[in-house]
Amino acid sequence: QMRQQSRSLLIYVLFGIVIAVFIINFGPQSPGGCNRGKQAAQSDLEGARVRNRTIGRQDYLYGMMMVGAQNIPPQRAKMMRLHETIMDMLIDREIMAIEAERAGFRVTDEQVEDQIAKSTIIALGREQKASIFEKDGIFSYDNYRKFVQFQLGMTPRSFTEEQRREMLAATMRDSLRAGVAVAPDEVKEEWMRQADQVNVEFLRFPEHRYESDIELRPEEIAKYAAANEAELKKMYDERKAALYEKQPKQRHLRELVVKLKSEATEADVTAAQKKAEALAARIRKGEAFAKVAKAASEDERTKARGGDLGWQRVGSTMLDPAVDAKVAAAKDGEVVGPIKTATEFVLAISEGTREGTIAFDAAKQELAENKLREQKSKAQAKGEADAALAKIKASPDKDLKELFPMPAEGEGAAKAKGVTAEETGLFSRRGSTVQAIGKAPILAKAVFALTKEAPVAGPVEELGSYIIAKLKERKEPDVAEFDKNKVGLIADATKRKAGMVVLEWSLKRCREARDAKQIEVNSDLLRYEGGAEGAVQYEPCQPPQF
């Protein structure tokens, strides 16, 4: 209807208003146009500026298309830091291209067009075959134009400039790589190190495993506290802010457990309840809770300590919620239970309450007990390890898995708690890491020194455990194999080293430019779809994430 009445003066006026509104709201310098959301200080910055070179919005969209960002869900892209990484790669390209120009390198339009005519492009530093440019296996300008125009939203002229910058950057990278060489002896040494592999069986004796078995008498703790007061005071001062100042209400708890079978019948439940009630009656008649728990509790973790759970924050204890609520409402010294939970009947008691700032004198016994228990547990772990070593040496022809087998199904808890042999599998030297164990520098050195004549190492104290290792298999380097593959190995090593040289060089130049305030980025451009938190917090010149 508007077209049919286009000669009407009113219609001309309406068209004029519509045009004016679009210019005001969506023009190049408008809030709704290419620079929407920018502050006044960034009104002229579409994407980024690197040493007087501009990375435009179209350059950024080109980078997004080249890595297939449109196919990655926004939440996944955000986890990958995809937008930030693309900007880093574009900045890296510009740094490289600028340095190439400074070094005297040039790339002509004809060189770019020749490369495109071979259906080859460079996308953020990676050369790729662009089969989409071809028709029946032959370059088609029409296909090329459609891809550039409709998929990248660019003109052939602007795409040529994009590729020229990529080729300049690639030339600079090639120049840096050309100066990299790796000595054959260096490659051989690294190959020998990687080819030297061991497989060891090992026993691990964690020091904490024995803590619950340690029985400490009150007079023993008091004697230790008196003899080590200075050390305990130092521990108190180190932990004061976290453990002894402005503390919420805490209670010193003990528990006694009577377990239920996994598929308990009604008779099983009744029997367990009667046992728990009988134990509760003994305590209420005057027997010490700790003594009864040590004799009758079925919780292996706390039994040896008389059911001691230590100081627990009220409302956030290790007890079952049903028990926790009852204990919170009870007075100190009042026996709670038996209370049935999903797996057991529980008796509990609070032996003291504290909150606020706990003075050293009030914490000294607790510190002394923990330290003494730690020392005794460590000594017991070492004793167990020494005994195991003697057993190994007495049967040199047996594997550790024969001497220390996995417990059979159905064996008792005491048997299951014992040490069992584990195996690393073949692995090569990787710094201080021992496969299946972790970073253990002393042990790593020891296992690679093992031989058939001296196959056992340890006990070595690492990672809070005493560890014994026995050589099961060793794969020695085969020098003939190295000689056979020497050329390829040297080429691979040179390629890896060249890659590191280029990365370190480009990051250094990028950070120099950043620190000199020669890099400016419009972080609004990096927002993720659906993000409501504002601009992305972005720091340029980060190592590639993919």
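Definitions and cut-offs
Residues numbered from 1 in each chain as written. Predicted model: local features only at pLDDT ≥ 70, side-chain atom pairs only at ≥ 80, totals over all residues. Heavy atoms only, no water. Helix = DSSP H or I, 4+ residues; strand = E, 2+ residues; numbered from the N terminus. Buried < 20%, exposed > 50% of the residue type's maximum accessible area, 1.4 Å probe, protein only. Contact = heavy atoms within 4.5 Å. Areas by Shrake-Rupley, 256 points an atom, 1.4 Å probe, with all protein chains shown as cover. Pairing = 2+ DSSP bridges. Axes fitted to C-alpha atoms, helices over the stretch in contact; angles between N-to-C directions. Disulfide = S-S within 2.5 Å. Expected span 1.5 Å × (residues − 1). Bend = angle between axes of the 7 residues up to and from the residue. Salt bridge = Lys/Arg side-chain N within 4 Å of Asp/Glu carboxyl O. Phe/Tyr/Trp six-rings, centres within 6.5 Å; stacked < 30°, edge-to-face > 60°.

Visitor: How should the overall build of the protein be read in this particular structure?
Guide: Summing up its helical and strand segments, the protein has 19 helices and 18 strands in all. A total of 546 residues make up the protein; the buried ones form 40% of that total. In the protein, 69% of the contacts between residues at least 6 apart in sequence involve partners at least 24 apart. Just so you have it, the protein exposes about 31000 Å², and 52% of that area is on carbon and sulfur atoms.

Visitor: Can you help me understand the sheet that holds strand S18 (residues 519-521) in this one?
Guide: Pairing between the strands of a sheet comes from backbone hydrogen bonds, and it takes one of two forms, parallel or antiparallel. Taking strand neighbours across the sheet as the criterion, the 3 strands line up as S2-S1-S18 in an open arrangement whose pairing is antiparallel. The open sheet has two edge strands with one neighbour each: strand S2 (53-55) and S18. Averaged over all pairs of adjacent strands, the angle between strand axes in this sheet comes to 20°, irrespective of strand direction. Here 3 bridges tie strand S1 (residues 48-50) to S18, and the two strands are oriented antiparallel to one another. Bridge assignment links Val50 to a residue of S18, and that residue is Ile519.

Visitor: How should the state of the cysteines be read in this particular structure?
Guide: Such a bond, covalent and formed between the sulfur atoms of two cysteines, is termed a disulfide. Summed over all chains, the structure comprises 1 disulfide. The disulfide partner of Cys510 is Cys541, and the S-S distance across this bridge is 2.0 Å. Judged by the torsion about the S-S bond (-75°), the Cys510/Cys541 disulfide is left-handed. Residue Cys510 is found in helix H19 (residues 486-515), and its partner Cys541 is found in the segment after S18; the two are separated by 31 residues along the sequence. With relative accessibility at 2%, the residue Cys541 sits in the buried group.

Visitor: Quick question: what am I supposed to make of helix H10 (residues 229-244) here?
Guide: Think of an α-helix as 3.6 residues a turn; residues three or four steps apart then line up on the same face. Taking 1.5 Å per residue, 16 residues should reach 22 Å; H10 reaches only 17 Å between its end C-alpha atoms and comes up short. Helix geometry: H10 is bent most strongly at Glu238, by close to 50°. Within the sequence span of H10, burial applies to Leu232, Met235, Tyr236 and Tyr244. Buried residues along H10 sit against helix H9 (218-227), strand S8 (247-259), strand S11 (344-356) and helix H14 (360-394).

Visitor: Can you walk me through the pattern of salt bridges in this structure?
Guide: For side chains bearing opposite charge, pairing can occur when the charged atoms are close. All told, the structure shown has 45 salt bridges when counted by the stated rule. One salt bridge connects Glu423 with Lys401, and the closest N-O pair in it is separated by 3.0 Å. Note that Glu423 is positioned in strand S12 (residues 422-423) and Lys401 in helix H15 (residues 400-403), a separation of 22 residues in sequence. On the basis of relative accessible area, Glu423 is assigned to the partly exposed category, the value being 28%.

Visitor: Just checking my understanding: could you explain the packing of aromatic side chains for this structure?
Guide: How two aromatic rings sit relative to each other is set out by the distance from centre to centre and by the angle between their planes. Following the criterion strictly, the structure yields 11 aromatic pairs and no others. Here Tyr236 and Phe360 contribute two aromatic rings whose centre-to-centre distance is 5.5 Å and whose plane-to-plane angle is 65°, an arrangement assigned as edge-to-face. Here the residue Tyr236 occupies a position in helix H10, and Phe360 occupies one in helix H14, the gap between them amounting to 124 residues. Overall, Tyr236 belongs to the buried group, its relative accessible area being 5%. With relative accessibility at 11%, the residue Phe360 sits in the buried group.

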